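One-letter residues, chain by chain:
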Amino acid sequence: MSAQPPKALRPRAARKGRPRARGRFGLTPYLFLAPAFVVYALFLLYPLGRSVQISLYDWDGLSLATFVGLENYVDVVADPKLREAFWHALVLIFFFAVLPLCIGLVLAAVLVRARVRGLAFFRTVVFLPQVIAMVVVAVAWRQIYAPDGLLNSALEAVGLGTLARGWLGDFTWALPAVGFIGTWVSTGLVTVLLMAGMARVPKDLYEAATLDGAGAVRTFFSISVPSVRAEIVVALTLTIIAALKTFDLVYVTTRGGPGTSTTVPSWAVFQRAFREGDVGSAAAVAVVLTALIFAINLAVNRIGERER
């Protein structure tokens, strides 16, 4: 009679009748996650659900609400002023996200590869706009854009006084002027993120590319940019969210004017909820804006993952 092999060496087929043992930690990980999830649900999921609920009613915030179904959402699509506000938000994405990314890639590549003294100090200075409150930034730039402000004075000093104007009061230039403030704020964050990613690239890759005859431009697009795809996704995610939810910058600088040339969805929410007393419509705009932010950032992250 042959001896039985050790239990650990028996074929899996001989042990298939045994019930699978429970996980080593059981419910312990979920118990650790529960407090954070409760806080997340209480301060984010519940308010979002309430906003969706309110968006289905015609309500001024004081009297009894009247159920109107999807009428408020139809109004978001049909109202030309709201469509214009969402278009302005998409334009701001260029200034808050795309332009800072282009500038940040060049700055990061130059600063990482070049031997620059005081690099830590430069990083601090570039990142400084992220530390300053947006209201303070808006007040400062409002003074710069004033008819007698620094920008017009500089244009007159170099003989370009014909270009001087009231930038924030001009129907054509008000939105780009506000967007440029976003570029100034976002460039430092994007540059620091990309510098951190490029600093991890082995110098041997750049040396090998140089020996193969690759120039600075070819090295930039073949090594530097592909090496920071993850950082690019993070930078775009943060800056796109900042562009689409911009409110304080518009409130302090232009208050949506002149006319409706700088109206954005968050400003429309404020106007409808607190000035026009149409809380249901304001909630619908907020829900649509949330969905737009989620959809755009989901697309950015999907594309980023696909390119890795």
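Residues numbered from 1 in each chain as written. Predicted model: local features only at pLDDT ≥ 70, side-chain atom pairs only at ≥ 80, totals over all residues. Heavy atoms only, no water.

**Focus: the overall build of the protein**
So, point 1. Assigned secondary structure in the protein consists of 13 helices and 2 strands.
So, point 2. The C-alpha extent of the protein, read off along each of the three principal axes, is 105 × 70 × 30 Å.
So, point 3. Out of the 308 residues in the protein, the part that is buried amounts to 35%.
So, point 4. In the protein, of all internal contacts separated by at least 6 residues, the share reaching a separation of at least 24 is 69%.
So, point 5. Surface summary for the protein: the accessible area is close to 19300 Å², and the carbon and sulfur share equals 66%.
So, point 6. Once the 29 positive and 18 negative side-chain charges of the protein are each reduced to a mean point, those two points are 21 Å apart. (Helix = DSSP H or I, 4+ residues; strand = E, 2+ residues; numbered from the N terminus. Buried < 20%, exposed > 50% of the residue type's maximum accessible area, 1.4 Å probe, protein only. Contact = heavy atoms within 4.5 Å. Areas by Shrake-Rupley, 256 points an atom, 1.4 Å probe, with all protein chains shown as cover. Lys, Arg positive; Asp, Glu negative; His and termini not counted. Charge placed at Lys NZ, Arg CZ, Asp CG, Glu CD.)

**Here we look at a nonpolar patch on the surface**
So, point 1. Taken together, the side chains of F127, L128, V131, I132, V136 and W184 make up a nonpolar region of the molecular surface, amounting to roughly 510 Å² of accessible area.
So, point 2. Among the elements that make up the nonpolar patch, the one with the highest residue count is helix α4 (residues 119–131) (3 residues). (Patch = residues over 30% accessible without salt bridge, like charges linked within 9 Å, V, L, I, M, F, W, Y side chains within 5 Å. Salt bridge = Lys/Arg side-chain N within 4 Å of Asp/Glu carboxyl O.)

**Brief notes about the side chain of T237**
So, point 1. Relative to the assigned elements, T237 resides in helix α10 (residues 229–244).
So, point 2. Judged by its relative accessible area of 16%, T237 falls in the buried class.
So, point 3. Polar contacts involving the side chain of T237 include one to the main-chain carbonyl oxygen of V233, which spans 2.8 Å.
So, point 4. Here N301 takes part through its side chain, which lies 3.4 Å from a polar atom of the side chain of T237.
So, point 5. Ignoring any residue separated from it by four or fewer positions in sequence, one finds T237 in contact with N297, V300 and N301. (Polar contact = N/O pair within 3.5 Å; in protein donor to acceptor, adjacent residues only side chain to side chain.)

**Considering helix α1 (residues 28–54)**
So, point 1. With 27 residues, α1 extends 37 Å between its outermost C-alpha atoms, agreeing within 8% with the 39 Å of an ideal straight helix rising 1.5 Å per residue.
So, point 2. Roughly 40 degrees is the biggest bend found in α1, and it falls at A41. (Expected span 1.5 Å × (residues − 1). Bend = angle between axes of the 7 residues up to and from the residue.)

**Overview of unusual backbone geometry**
Most of the time, phi is negative for any residue but glycine, and the peptide bond is trans.
So, point 1. Cis geometry is adopted by the peptide bond preceding P258, which originates at G257 and carries an omega value of -5 degrees.
So, point 2. By secondary structure assignment, the location of P258 is in the loop between α11 (248–253) and α12 (265–275).
So, point 3. Here R255, not a glycine, exhibits a phi torsion of approximately 55 degrees, which is positive.
So, point 4. Looking at the element boundaries, R255 is found in the loop between α11 and α12.

**Looking at the packing of aromatic side chains**
So, point 1. Counting across every chain of the model gives 14 aromatic pairs.
So, point 2. Taken together, a centroid distance of 5.8 Å and an interplanar angle of 65 degrees make the contact between W141 and W184 edge-to-face. Residue W141 is found in helix α5 (residues 134–145), and its partner W184 is found in helix α7 (residues 174–198); the two are separated by 43 residues along the sequence.
So, point 3. Given the relative accessible area of 12%, W141 is considered buried.
So, point 4. Among the residues examined, W184 registers a relative accessible area of 36% and is labelled partly exposed.
So, point 5. When the ring of Y251 is compared with that of W267, the centres are 5.8 Å apart and the planes differ by 50 degrees; the resulting orientation is tilted. In this pair, Y251 sits in helix α11 while W267 sits in helix α12, placing the two residues 16 residues apart along the sequence.
So, point 6. Grouped by ring-pair contacts, the aromatic residues F247, Y251, W267, F270 and F274 constitute a single cluster.
So, point 7. In this structure, R165 is placed above the aromatic ring of W167, and the distance from its NZ or CZ to the ring centre is 5.4 Å. (Phe/Tyr/Trp six-rings, centres within 6.5 Å; stacked < 30°, edge-to-face > 60°. Lys NZ or Arg CZ within 6 Å of the ring centre and 35° of its normal.)

**A look at the pattern of salt bridges**
So, point 1. As enumerated under the stated definition, the model contains 4 salt bridges in all.
So, point 2. One salt bridge in this structure joins D75 and R272, with 3.0 Å as the shortest N-O distance. You can see D75 sitting in helix α2 (residues 71–78) and its partner R272 sitting in helix α12, a full 197 residues away along the chain.
So, point 3. We classify D75 as partly exposed; its relative accessible area is 29%.

**With respect to the environment of R302**
So, point 1. Examined against the element boundaries, R302 turns out to sit in helix α13 (residues 279–307).
So, point 2. Through-space distance from the C-alpha of R302 to that of S227 is 17 Å; in sequence the pair is 75 residues apart.

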